[in-house]
Amino acid sequence: TIEPPNHAGGSASSSSRRPYRNPTPVGPYMSATARIGTVAFEVEGVHPHDVGQYIDAQGIAIRVGHHCAQPVHRHFGVYASNRASLGVYNTMDDVHALLDAVAGVRPFFGVGGTRAE
């Protein structure tokens, strides 16, 4: 069964199997059914390019930078962000692998844990 990307990954990335303090989504809050298969986020205390490099080393591709949306980034008070994109080919295992990789970013850079206590 192929589910639309906003249902296949959107709900998992919005409310994963574990509570996360980070990443912080960039943009307005939307319910999982209103989101599309991309989500821009930042990890507090770690530059987006460092986040991208760490996640890449885990074998996961994301995009980093201003995504041709510098005015939007200024509006939300961030210089750059990370962006993950999900499609019909992604599985829940892919979503969980991304969330696990993101959970390792802050400890790797010595900024602290990412999971809620």
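For the structure, check the block above.
Residues numbered from 1 in each chain as written. Predicted model: local features only at pLDDT ≥ 70, side-chain atom pairs only at ≥ 80, totals over all residues. Heavy atoms only, no water.

Things to note about the nonpolar core
Inclusion rule: What we call a nonpolar core is a set of buried Ala, Val, Leu, Ile, Met, Phe, Trp, Tyr and Cys residues that are connected through their side-chain atoms within 4.5 Å. Partly exposed residues are those whose accessible area sits between 20% and 50% of the maximum for their type, while under 20% is buried and over 50% is exposed, using a 1.4 Å probe and protein chains only. Elements are defined by DSSP. Helices are runs of H or I of four residues or more, strands are runs of E of two residues or more, and each kind is numbered from the N terminus. In this description, contact between two residues means that some pair of their heavy atoms is separated by no more than 4.5 Å.
In terms of nonpolar packing, the biggest core is built from 14 residues, with Phe-41, Val-43, Val-51, Ile-55, Ile-62, Leu-98 and Val-105 touching the most fellow members. Where this core is concerned, the elements lending two or more residues are β2 (38–42), α3 (48–57) and α5 (92–108). Broken down by element, this core gets its largest block of residues, 4 residues, from α5. Excluding residues that lie within four positions of it along the chain, Ile-62 makes contacts with Phe-41, Val-51, Gly-52, Ile-55, Asn-82, Arg-83, Ala-84 and Leu-98.

Examining the sheet that holds strand β3 (residues 63–65)
Each strand in a sheet pairs with another by means of backbone hydrogen bonds, the pair being arranged parallel or else antiparallel. Quick reminder of the rule: For two strands to pair, DSSP has to find at least two bridges joining them.
One open sheet holds the 4 strands; their spatial order is β1-β2-β4-β3, and the pairing between them is antiparallel. Each of the sheet's edge strands pairs with one partner strand only, and the pair in question is β1 (24–25) and β3. Taken together, the 3 bridges between β3 and strand β4 (residues 81–85) define a ladder with antiparallel strand orientation. By the bridge assignment for β4, Arg-63 is matched with Arg-83.

Looking at the packing of α3 against α5
Filter applied, for reference: Here, axes are lines fitted to C-alpha atoms. For helices the fit covers the stretch in contact, and angles between N-to-C directions go from 0 to 180 degrees. Roughly parallel covers angles under 35 degrees, roughly antiparallel covers those over 145, roughly perpendicular covers 65 to 115, and oblique covers all other angles. In this scheme the crossing of two helices becomes right-handed for a clockwise turn of the near helix relative to the far one and left-handed for an anticlockwise turn of less than a right angle.
Relative orientation of the contacting elements α3 and α5 amounts to 125°, with a least axis distance of 9 Å. Between α3 and α5, the interaxial angle falls into the category oblique. Considering only the axes of α3 and α5, their crossing is right-handed. In this structure, α3 uses Val-51, Tyr-54 and Ile-55 to contact α5, whose residues at the interface are Leu-98, Ala-101, Val-102, Gly-104, Val-105 and Phe-108.

Considerations on the environment of Gly-37
On the secondary structure map, Gly-37 appears in the loop between β1 and β2. Considering only alpha carbons, one finds Gly-37 and Ser-85, 48 residues apart in sequence, at a separation of 5.6 Å.

Points about the packing of aromatic side chains
Stated precisely, the cut-off is as follows: Stacked, edge-to-face and tilted labels apply to pairs of Phe, Tyr and Trp rings (six-membered ring for Trp) whose centres lie within 6.5 Å, assigned for plane angles under 30 degrees, over 60, and everything in between, in that order.
Scanning all chains against the criterion turns up 2 aromatic pairs. Ring geometry for Tyr-54 against Phe-108: centres 4.9 Å apart, planes inclined by 40°, an arrangement best described as tilted. Here the residue Tyr-54 occupies a position in helix α3, and Phe-108 occupies one in helix α5, the gap between them amounting to 54 residues. Relative to Phe-109, the ring of Phe-108 lies with its centre 5.0 Å away and its plane at 85°, an arrangement referred to as edge-to-face. Each residue in the set Tyr-54, Phe-108 and Phe-109 is aromatic and connected to the rest through ring pairs, giving one cluster.

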